[in-house]
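Coordinate analysis (summary)
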Amino acid sequence: MNMTQLKVYLLRTNSWQKVLFGLPILVMVVMLLMDHSGDSVELGQAVYRPEMLKRLCKADQLSGDAGETYGEETENGIKYNVRTPANYDASVAHPLLLVFSPAGSNRAKTEKTTGFTFPATQAGFIVAYADHPELSPSTTVELGTIPSLMAKKWCIDEKQVYVTGHSDGGTSAMALAFMTGTRHIPRAIAPSAAGVAYDDLRDRKCPEPLPVMIMHSSKDRLFPGYGQQAVGWWAACNKCDPIPDKIANGCSSYSGCAGGVKTLYCEGDQIHSHWPERSQDIVEFFVSATQVSPLAK
C-alpha cells in the first residue's frame, strides 16, 4: 500500500467512524422531533373551581414543570407527555385526564388527533398522552401506574383520574375500569371504538357505579356492535333504567343510575380508525363527573 492509498483508506475509515458514532445522535434527534411533531401546543388558562381547592399539595416538594413536558415514562418504558394549564398552580390538586393511544399511533399523534389539550387544561385538568404498548392485561396495569408516577412530580388528585382512548386505547381505558387490580383508578371513563364486547364482560364482577361515556360507530367493521353490547353491561352495573333517552348532543343517556352517575352511549357513522371528534363533549362529561360525590370502591 503506497502513501496515496493509505490516505484514501484512512479517510474512508474516518468517514465510517463518523457515521457509526453519529448514528446514535441522529436517532435521538429523530425521536425528539417525532415527540414534538404536529402543531404547536395551546394551553388553556384554568379557572380553579372551589372543589379543586379542597385538596392541596406542597408545591416545594414537586419538580414537575408547568406547560409542556415530553418523554416521561413508566417503569417498563411506556412513554407519555404531560400538559398543564398555562397558569398551573403547583399547590392545587388537579384532576388528571389520561389519554391512551390506538395501535399505530403514539402520544404526539394522539394529542394532535384528539385535540384535548386546550379544552381540558382550560377546564383545570392536567393531561397525559401515553404511547401505545402491545395490548395485554399487563400493559393495561402498566398504563394504570401513570397517575401515581405523575403525582410524585405534579399536583394531581389521584381520586380524580379520568381515562379515555381510541381503539386499543379505548380497550385499555375500559379494562382499567373493570379489572380487579385497577378498577379503583378511574373516576370516569370515555372509551372510543373499544374492542370489548358483552362476551368479554359477562363473567366480570361489576365495579361500583361509575360514570361511563361509550363511543362507537355503526360502521365499525373491526368491532361491529361492540359499543352497544358494552354499554348494556355498564348500564346494568350502574343499576340504570334499561331504556335510554336521546339527549341534545345526539347521544343516548340512561336514567336512574345509582349515585346519579351518567351512563352515555354515543354512536357515530365513520370507519373504525376515525376519532369521533367529541373531545369537547368528553371534557364536559368528565367535568360533570368531578361534581358527583365518589362512591366507595
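Residues numbered from 1 in each chain as written. Predicted model: local features only at pLDDT ≥ 70, side-chain atom pairs only at ≥ 80, totals over all residues. Heavy atoms only, no water.

**Quick word on the overall build of the protein chain**
- Each helix and strand in the protein chain was counted, giving 9 helices and 10 strands.
- When each of the 297 residues of the protein chain is scored for burial, the buried share is 48%.
- In the protein chain, of all internal contacts separated by at least 6 residues, the share reaching a separation of at least 24 is 74%.
- Roughly 15,000 Å² of accessible area belongs to the protein chain as shown, and the carbon and sulfur atoms make up 56% of that amount. (Helix = DSSP H or I, 4+ residues; strand = E, 2+ residues; numbered from the N terminus. Buried < 20%, exposed > 50% of the residue type's maximum accessible area, 1.4 Å probe, protein only. Contact = heavy atoms within 4.5 Å. Areas by Shrake-Rupley, 256 points an atom, 1.4 Å probe, with all protein chains shown as cover.)

**Observations regarding the nonpolar core**
- Counting residues in each nonpolar core, the largest one holds 47 residues, and the members touching the most others are M150, M174, F178 and W234.
- Sorting the residues of this core by element identifies β2 (79–83), β3 (94–100), β4 (126–130), α5 (146–150), β5 (156–166), α6 (168–178), β7 (212–217) and α8 (226–237) as the ones contributing at least two each.
- Apart from residues lying up to four places away in sequence, W234 is in contact with M174, A177, F178, I189, P207, L210, V212 and I214.
- Of all hydrophobic cores here, the second largest spans 23 residues; its members include A123, Y129, L264 and W275. (Core = buried A, V, L, I, M, F, W, Y, C linked by side-chain atoms within 4.5 Å.)

**Comments concerning the sheet that holds strand β10 (residues 263–268)**
- Ordered in space as β1-β2-β4-β3-β5-β6-β7-β10-β9-β8, the 10 strands form an open sheet in which the pairing is mixed. Both outer strands of the open sheet, β1 (68–73) and β8 (245–246), are each paired with one neighbouring strand and no more.
- Bridge count for β8 against strand β9 (residues 252–254) is 2 bridges, and the pairing is antiparallel. Each bridged residue has a counterpart across the sheet, and for K246 the counterpart in β9 is S252. (Pairing = 2+ DSSP bridges.)

**Some remarks on α8**
- Given a rise of 1.5 Å per residue, 12 residues ought to cover 16 Å, and the 17 Å separating the end C-alpha atoms of α8 matches this to within 8%.
- Residues of α8 that are buried sit in contact with α6, β6 (188–192), α7 (198–201), β7, β9 and β10.
- Count one or two residues on from α8 and you reach K239, which has phi positive near 60°. (Expected span 1.5 Å × (residues − 1).)

**Some words on the confidence of the model for the protein chain**
- When the pLDDT values of the protein chain are averaged, the result is 89; 85% of them are 70 or greater.
- Segment residues 18–33 is flagged for pLDDT under 50; beyond a separation of four residues in sequence, or across chains, it makes 1 contact in the model. (pLDDT = per-residue confidence, 0-100.)

**Some points on the pattern of salt bridges**
- For the coordinates displayed, the defined rule picks out 7 salt bridges.
- For E111, the salt bridge is made with R83, and the minimal N-O distance between the two is 2.8 Å. Linking E111 in helix α2 (residues 107–114) with R83 in strand β2, this pair joins segments that are 28 residues apart in sequence.
- Overall, the relative accessible area of 0% leaves R83 in the buried class.
- Its salt-bridge partner being D281, residue R278 comes within 2.8 Å of it at the nearest N-O pair.
- Residue class for R278 comes out buried when judged on its relative accessible area of 17%.
- The exposure class of D281 is partly exposed, given its relative accessible area of 22%. (Salt bridge = Lys/Arg side-chain N within 4 Å of Asp/Glu carboxyl O.)

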